Amino acid sequence: MKQKIVIQLGMSCDKSRSKALTMAARAAGVTSMEITGDARDQLEVVGDGVDSVCLVSCLRKKLGHAQIIKVEEVKKPEEKKEEPKPAVPVPVPVNPPQYYFPPAGYYHHHYPTHMVVCEEQPSNCPTM
């Protein structure tokens, strides 16, 4: 769980601010730290699994005054849900027709397309 810890320190000069930042950087689990506040007397530490009590006690040994102001969980910013865009129709490829050949030995009988008429009297024309 990522958490944000704000610690009030008795810092009067840049040297003590630099000491506070280096001590916070050495603490286990710290990902970022920053000096905040109107008088630049607050240390804001962000990290995962940071022991805030141990950090404050170390700061008290080196700098004198240190107290925890606030410890809160850092929540991920909510991602904006994008509206689904209308899908562009994808042209479906048209497959050529499949030709199947008849199996071997298959014979299709073709019927004659013309009619044969038989006359009783033969004429000079063989087909009519």
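These figures come from a predicted structure and were not determined experimentally.

### Structural notes on helix H2 (residues 52-63)
Here H2 contains 12 residues, and its C-alpha end-to-end distance of 16 Å stays within 8% of the 16 Å for a straight helix at 1.5 Å per residue. If you check which residues of H2 are buried, you get Ser52, Leu55, Val56, Leu59 and Leu63. On an axial view of H2, the arc spanned by its buried residues comes to 95 degrees, and they lie on one face. Counted as exposed and oriented over 90 degrees from the buried face of H2: Val53 and Lys61.

### A word on the sheet that holds strand E4 (residues 66-73)
The strand order across the open sheet formed by 4 strands is E2-E3-E1-E4, and the pairing between neighbours is antiparallel. This sheet does not close on itself; its edge strands, each paired only once, are strand E2 (30-36) and E4. This sheet shows a mean twist of 20 degrees between the axes of neighbouring strands, independent of strand direction. Here 7 bridges tie strand E1 (residues 2-9) to strand E3 (residues 42-48), and the two strands are oriented antiparallel to one another. Bridged to Gln3 within E3 is Gly47.

### Considerations on the nonpolar core
For soluble globular proteins, nonpolar side chains are generally found buried alongside one another. Counting residues in each nonpolar core, the largest one holds 17 residues, and the members touching the most others are Ile7, Leu9, Ala20, Leu43, Val45, Leu59 and Ala66. At the level of secondary structure, the elements contributing two or more residues to this core comprise E1, helix H1 (14-26), E2, E3 and H2. If one sorts the elements of this core by residue count, H2 sits on top with 4 residues.

### Things to note about the pattern of salt bridges
Using the criterion set out here, one finds 3 salt bridges in the structure. Measuring nitrogen to oxygen at the nearest pair gives 3.9 Å for the salt bridge that ties Glu44 to Lys4. Taken together, the positions of Glu44 in strand E3 and Lys4 in strand E1 put the pair 40 residues apart, joining distant regions of the chain. Here Glu44 matches Lys4 in class, with each residue buried. Residue Lys4 is joined to Glu72 by a salt bridge in which the shortest nitrogen-to-oxygen separation is 3.7 Å. With Lys4 in strand E1 and Glu72 in strand E4, the pair connects residues that are 68 residues apart, well separated along the chain. When salt bridges that share partners are traced, they join Lys4, Glu44 and Glu72 into one network.

### Let's talk about a nonpolar patch on the surface
A surface patch of nonpolar side chains, about 250 Å² in accessible area, is lined by Val53, Ile68 and Val71. Structurally, Ile68 can be placed in strand E4. Residue Ile68 is classed as partly exposed on the basis of its relative accessible area, which comes to 36%.

### Brief notes about unusual backbone geometry
You will see that Arg40, though not glycine, has its phi angle at about 55 degrees, which is positive. You can see Arg40 is positioned in the loop between E2 and E3. Judged by its relative accessible area of 42%, Arg40 is partly exposed.

Definitions and limits used
- For every chain, the first residue of the written sequence is number 1, and numbering continues from 1 onward in sequence order.
- In keeping with the model being predicted, local features are shown solely for residues with a pLDDT of at least 70 and side-chain atom pairs are shown and tallied solely at 80 or more, while totals for entire chains, interfaces and linings include all residues.
- Heavy atoms from the whole structure form the basis of all side-chain values; hydrogens and water molecules are not counted.
- Runs of H or I in DSSP of at least four residues are treated as helices and runs of E of at least two as strands, each being numbered from the N terminus.
- In this scheme, a helix's expected span is set at 1.5 Å multiplied by one less than its residue total.
- Only protein chains enter the accessibility calculation, which uses a 1.4 Å probe. A residue is then buried if its area is under 20% of the maximum for its type, exposed if over 50%, and partly exposed in between.
- Here the arc refers to the directions that run from the helix axis out to each C-beta atom.
- The pairing criterion is simple: DSSP has to find at least two bridges between the two strands.
- For helices, the fitted axis covers only the stretch in contact; all axes are lines through C-alpha atoms, and the angles between them, taken along N-to-C directions, range from 0 to 180 degrees.
- For our purposes a nonpolar core is just a set of buried Ala, Val, Leu, Ile, Met, Phe, Trp, Tyr and Cys residues, chained together by side-chain atoms within 4.5 Å.
- Each salt bridge in this description consists of a side-chain nitrogen of Lys or Arg and a carboxyl oxygen of Asp or Glu lying within 4 Å of one another.
- Patch construction takes residues with relative accessible area above 30% that form no salt bridge. Like charges are linked within 9 Å, and nonpolar side chains (Val, Leu, Ile, Met, Phe, Trp, Tyr) are linked within 5 Å.
- We get accessible surface area from the Shrake-Rupley algorithm with a probe of 1.4 Å; when it comes to residues, only the shown protein chains can shield them.

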